[in-house]
Amino acid sequence: MVWDQVPGGRQAEHETVPPRIGGQQQFREELTRLRTGLGVSLAQLEQASQRQGKRLPPATVSNVLSRDRLPEWEFVADFLAACGLDEARRGPWQQAWRELAAVSATQASVPAPAPAPTPAPAGAGAPGGSEAAAASPPPAASPPDPSPPPVPSPPPAASPGKPPGKSPDDIPPADGRRWKEWRARLAGHRAAVAVCAALALAAAAGVYAVGEHHESVRQEQQRRQEQLRQDKYRKEHCGTMNPALVTEAGGECTGVTDGLDRSDVFGSALEPVLTAIGAENHRATRDGHYVTIAFLAPLTSVGSAGKAKDLTLDQFVGEVEGAYTAVERANADDGPLKVRLVLANMGSGELHWKRAVDTLTGMAEADNLVAVAGMGLSQQESVDAARALGGKDIPMVADLITADGFDTTGLIDSPKSAPKRINGLVRVTLTNAAQLGALGEELDGDTRTAALVRTAKTPNGTRDFYTDSLYEDFRTVGGLKKHLDPTADFSFDPRGGAESILDAIGQNLCSTGRPVDTVYFAAREKYLPGFLQALSRRSCHRRPITVVSGSDTAALDPKTLAALNQDGEAPIAVLYASLPGATQLRGPGNSDHNLYEQFLDAFGGDHHGQKFPAAHATRGYWPVLAHDAVLTATTAIRNATTPTTARPNRYAVLNHLYALTDGAVPAATGRFGIDPTGNRTKVPITIHRLGTTT
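Since the structure is predicted, the reported quantities are computational estimates derived from the model, not experimental observations. (Residues numbered from 1 in each chain as written. Predicted model: local features only at pLDDT ≥ 70, side-chain atom pairs only at ≥ 80, totals over all residues. Heavy atoms only, no water.)

A. Quick peek at the overall build of the protein. When its secondary structure is counted, the protein shows 23 helices and 15 strands. A fraction of 72% describes how many contacts in the protein between residues 6 or more apart in sequence connect residues 24 or more apart. (Helix = DSSP H or I, 4+ residues; strand = E, 2+ residues; numbered from the N terminus. Contact = heavy atoms within 4.5 Å.)

Have a look at this one:
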């Protein structure tokens, strides 16, 4: 990790160099002072350490720094690195630690002084008188003297009346036999003392060496165990030390990341935009003055064999790129408050929405999460996620969800007689009712016979509110229901496979009471190419037919119809209503075309060394709607920021979200506001026709 990548880090050389430290307590205090001075919270410290393959939970840090002892250097090094100090800046701290460690070692090795011996009474001593006393060994702690004993001075003259050599204090004369015996005994004693001392030193050295070896073995075992633990942890968390990321069965990675873990956690297709997100977050969080926005969506997919696979559809990748572009633009202004973006992956089919949402609700306090954008698709999992986030008063801005009632009213899954409100849920796209209302006006004057094809379930077996509300609107919108043949109503469950049943439905259209020339398709676009092929294979394939569907059809490749009707044998057309396409948004008929051009310029620019394909921005409407959803959130954040509220919380953002009046959001799809039900005030609608029935 480099210095400018640390959330809250302030580049100031004097703030990273320790002062003259006089003791262990001051050393611990200076570590705390360093962290707080750099604006690094304990939570940020833990996150930074995890990205380096270490773990410094707040409880561990507090425990170590409150303990009355010098912390281990390994802890200190990890702590300093998590604070953003590179190896050069850690040098002065290591020198200070070594000095304190040396002092500690010296104090531990010096024994306490022994008490002074009490003098023996006169005449007391070992049996044998003066010779036994003279032969007693010196204290064992004294080192042996290898030099020969000095020649004693001649004894003083004996006192009158006392024979020489009879006094206890007398030393035998140097030239006598007793002198030689005395000296021999003394030399032998000293040699024995020297041997004992040498043996004692050797034993101590051996014990020390054995202890050192055992300690080395213990540390190596601990290192290996820690490495195994980390390897297992990484395997369970998408190859990272981020507990918010989880490896699901088949290798799919779900959860929440800020781009600082690994840029490929959600597959190679999202790697460029995740790289850009990580770099932008480094810059946005540098001074610690930021708020967090999450983008919640199903960002990975699982193949037929149950194995994770990369997202290959441009619309999914473009959606995240559009969201990122809005954050980058918000951070480019002169305001001091910056926005940090995290991606929250609900997984294929949104199966793992709960884990992602649980992480986000925890971030509302810990990371000042003030809004969630995206919200997935119009299905049961998205509704459950919205209700969980709304229960924590977290503002939500949906980008793609068109199902009727998926807004503040909560009518999506509650009765009109007793609606259960979803607090804080707004959206930036048009509703199914608005789409089919426009289509009803388009077809009202025609004479048609329409069949209805629908699916009410997702591949997970849960309710699909997008197809549910399409089905209801086809049957209730005046300009559409008038054409319905009540006997031509077909449904299928995608869990049973789509290809064979769509072929059967296509053939059944040839044998209805009245010839069917129109099909209301209340199903997802993913099944539309197969259905069009089924229509081209039916026995009455030369009969012209028009398929009418919802805005999800914008993802259909126009080449699909061209390939089916190359020789005019299968005249099939597709009709749907959605937001204007790139051509209409750029055209002079759009009074806000300059806002769309600004979006395209920003999307196609440099993103910390990454480039997004320009085609992603103009194919379909997912990227531009994701951009406008995040822009709606950042507009509310800016309006909630005041001199007295420099860093607004989610409650302030929630207030200002509903205060966005008509035209307050300078969106790429045109200016709009948010009405009391959580829907945009101005919704441009365009009728799109693909193929031909002639």
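Here the narrative resumes, following the displayed structure.
B. Examining the packing of helix H11 (residues 353-366) against helix H12 (residues 380-390) more closely. Close contact between H11 and H12 brings their axes to 10 Å; oriented N to C, the two are set at 20°. One finds that H11 runs roughly parallel with respect to H12. Here the hand of the crossing between H11 and H12 comes out right-handed. Contacts between H11 and H12 involve Trp-353, Val-357, Leu-360 and Thr-361 on the former and, on the latter, Glu-381, Asp-384, Ala-385, Ala-388 and Leu-389. The residue inventory of the contact of H11 with H12, partitioned by class, reads six nonpolar, one polar and two charged. (Axes fitted to C-alpha atoms, helices over the stretch in contact; angles between N-to-C directions. Parallel < 35°, antiparallel > 145°, perpendicular 65-115°, else oblique. Left-handed = near helix turned anticlockwise from the far one by under 90°. Nonpolar A, V, L, I, M, F, W, Y, C, P; charged D, E, K, R; others polar.)

C. Region of interest: the pairing of strand E10 (residues 450-454). Here E10 lies mainly inside the structure; five of its five residues are buried. By the alternation rule, side chains of E10 split into Ala-450, Leu-452 and Arg-454 and Ala-451 and Val-453, which are all buried. Judged from the four bridges that link them, E10 and strand E11 (residues 484-491) form a sheet pairing that is parallel. Bridge assignment links Arg-454 to a residue of E11, and that residue is Ser-491. Here five bridges tie E10 to strand E12 (residues 518-522), and the two strands are oriented parallel to one another. When the sheet's bridge partners are listed, Ala-450 is paired in E12 with Thr-518. (Buried < 20%, exposed > 50% of the residue type's maximum accessible area, 1.4 Å probe, protein only. Pairing = 2+ DSSP bridges.)

D. A look at the state of the cysteines. Enumeration over the complete set of coordinates arrives at two disulfides. Put simply, Cys-238 and Cys-253 are joined by a disulfide, and their sulfur atoms are 2.1 Å apart. Sign of the S-S torsion, about 105° for the bond between Cys-238 and Cys-253, identifies this disulfide as right-handed. Of this pair, Cys-238 sits in the loop between helix H8 (177-236) and strand E1 (245-247) while Cys-253 is found in strand E2 (residues 253-257), placing the two residues 15 residues apart along the sequence. (Disulfide = S-S within 2.5 Å.)

E. Representation of unusual backbone geometry in the model. Positive phi is not limited to glycine here, since Glu-350 has a value of about 60°. The phi torsion at Asn-368 lies on the positive side, around 50°, for a residue other than glycine. Within the secondary structure, Asn-368 is located in the loop between H11 and strand E7 (369-374).

F. Seen up close, the packing of aromatic side chains. Counted under the stated rule, the structure contains eleven aromatic pairs. Pairing Trp-73 with Trp-97 gives two aromatic rings, centres 5.9 Å apart and planes at 50°, and the pair type is tilted. Remark: Trp-97 occurs in helix H6 (residues 87-109) and Trp-73 occurs in helix H5 (residues 73-82); sequence separation between them is 24 residues. The pair formed by Trp-73 and Trp-97 is uniform in burial state, with each residue classed as buried. A centroid spacing of 4.7 Å and a plane angle of 5° characterise the contact between Phe-474 and Tyr-520, whose relative ring orientation is stacked. A residue pair is termed long-range when its members are at least 10 positions apart, and Phe-474 in helix H14 (residues 465-476) and Tyr-520 in strand E12 qualify at 46 residues. For Phe-474, a relative accessible area of 0% translates into the label buried. Here the basic side chain of Arg-454 rests over the ring of Tyr-471, its NZ or CZ set 3.9 Å away from the ring centre. Of note, Arg-647 hangs over the ring of Tyr-290, and the distance from its end group to the ring centre comes to 5.7 Å. (Phe/Tyr/Trp six-rings, centres within 6.5 Å; stacked < 30°, edge-to-face > 60°. Lys NZ or Arg CZ within 6 Å of the ring centre and 35° of its normal.)

G. Molecular detail of the sheet that holds strand E6 (residues 338-345). Read from one edge of the open sheet, seven strands run E1-E2-E6-E3-E7-E8-E9, paired in mixed fashion. Only two strands of the sheet have a single partner each, and these edge strands are E1 and strand E9 (425-427). Between one strand and the next, the sheet's axes are offset by a mean angle of 20°, whatever the strand orientation. Bridging between E7 and strand E8 (residues 396-398) involves three bridges; their strand directions are parallel.

H. Expanded view of the sheet that holds E11. Taken in spatial order, the six strands line up as E11-E10-E12-E13-E14-E15 in an open sheet, and their pairing is mixed. Looking along the sheet, the strands with just one partner apiece sit at the ends: E11 and strand E15 (686-691). Neighbour-to-neighbour, the strand axes of the sheet open up by a mean angle of 20°, direction not taken into account. As judged from the five bridges shared by strand E13 (residues 545-549) and strand E14 (residues 572-578), these two strands associate in the parallel manner. Residue pairing for E14: Val-548 is matched across the bridge by Leu-575.

I. A look at the side chain of Thr-553. For Thr-553, the position within the fold is in the loop between E13 and helix H18 (559-564). Residue classification places Thr-553 among the buried residues on the basis of a relative accessible area of 2%. In this structure the side chain of Thr-553 is engaged in a polar contact, spanning 2.8 Å, whose partner is the backbone oxygen of Gly-550. Excluding anything up to four places from it in sequence, Thr-553 contacts Glu-525, Leu-528, Val-574 and Tyr-576. (Polar contact = N/O pair within 3.5 Å; in protein donor to acceptor, adjacent residues only side chain to side chain.)

J. Structural view of the environment of Leu-411. The residue Leu-411 is located in the loop between E8 and E9 in this model. Note: C-alpha distance between Leu-411 and Ile-422 (eleven residues apart in sequence) is 9.0 Å. In this structure Leu-411 touches Gly-405, Lys-416 and Pro-419, once residues within four positions along its chain are discounted.

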